[in-house]
Amino acid sequence: MRFIFLLLPWLELFTLIQLGVKTSALTAIVYVLATFMLGVAVLRRQGMGMFERLRQTQEGKILGPELMLDDMALGLAGLLLIFPGIISDVAAVIVVIGPIRRLIVRGVSGRAPEPYAPDRDIRENDTIEGEFRHVDD
């Protein structure tokens, strides 16, 4: 696993060099800048959307783990787009496509967790009986 992380920057550099060789250096530079701006835009939009969902959660609406997973996945896609290279951009596209992302998550984690809804919390409030005494300082 460590070997892959050490090899990835070199593979990214190789793919960008190959893109420049096949097209032109200017095309490779424009590609890197375009994906960088797209990644920044995705992170900005995702950040604003996440604050809106957190506000709705404070109002008592449902916040499911899948929703948070989608937020984090799109944030990861934005970060992957910011990193220069074609391999990370392909990984970002895979993360952005919802059905593929959910399929990968289910394969890794198993079953999907239940969302928490305060209205469905039907546990009774149990009273614990006991004695106490007030101690002054």
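Provided above is the structure to which this section pertains.
Positions within a chain are numbered from 1, following the residues in the order the chain's sequence is written. Residue-level local features of this predicted model are given only where pLDDT is at least 70; pairs of side-chain atoms are given and counted only at 80 or more, and the full residue set underlies all totals for whole chains, interfaces and linings. Heavy atoms from the whole structure form the basis of all side-chain values; hydrogens and water molecules are not counted.

## What to know about the overall build of the protein chain
When you go through the protein chain residue by residue, the secondary structure sums to 5 helices and 0 strands. Numbering of helices and strands starts at the N terminus; helices are DSSP runs of H or I of at least 4 residues and strands are runs of E of at least 2. Listed N to C, the secondary structure of the protein chain is α-α-α-α-α in terms of helices and strands. Counting across all 137 residues of the protein chain, residues that qualify as buried make up 18%. We call two residues in contact whenever any of their non-hydrogen atoms come within 4.5 Å of each other. Partitioning the contacts of the protein chain with sequence separation of at least 6, the portion at a separation of at least 24 is 64%. A 1.4 Å probe and the Shrake-Rupley method give the accessible areas. Residues count as covered only by the protein chains that appear here. For the protein chain, the exposed surface amounts to about 11200 Å²; the carbon and sulfur share of it is 68%. To sort residues, take the accessible area from a 1.4 Å probe on protein chains only and compare it with the maximum for the residue type: under 20% means buried, over 50% means exposed, and anything in between is partly exposed.

## Observations concerning a nonpolar patch on the surface
Here, patches come from residues exposed beyond 30% relative accessible area and free of salt bridges, joined within 9 Å for like charges and within 5 Å for nonpolar side chains (Val, Leu, Ile, Met, Phe, Trp, Tyr). Salt-bridge detection follows one rule: a side-chain nitrogen of Lys or Arg within 4 Å of a carboxyl oxygen of Asp or Glu. Judged by side-chain polarity, Phe-3, Leu-7, Leu-8, Trp-10, Leu-11, Leu-13, Ile-17, Val-21 and Ile-87 come together as a nonpolar surface patch covering roughly 860 Å² of accessible area. Within the secondary structure, Leu-7 sits in helix α1 (residues 2-22).

## A few points about the nonpolar core
Looking at soluble globular proteins, one finds that nonpolar side chains tend to be buried together. Put simply, buried Ala, Val, Leu, Ile, Met, Phe, Trp, Tyr and Cys residues joined by side-chain atoms within 4.5 Å make one nonpolar core. Formed by Ala-73, Ala-77, Leu-80, Leu-81, Ala-92 and Val-95, the largest nonpolar core amounts to 6 residues. When contributions to this core are tallied by element, the ones reaching two or more residues are α3 (65-82) and α4 (86-96). Broken down by element, the residue count for this core peaks at 4 residues, all from α3. Setting aside its immediate chain neighbours within four residues, Leu-80 contacts Ser-88, Asp-89, Ala-91, Ala-92 and Val-95.

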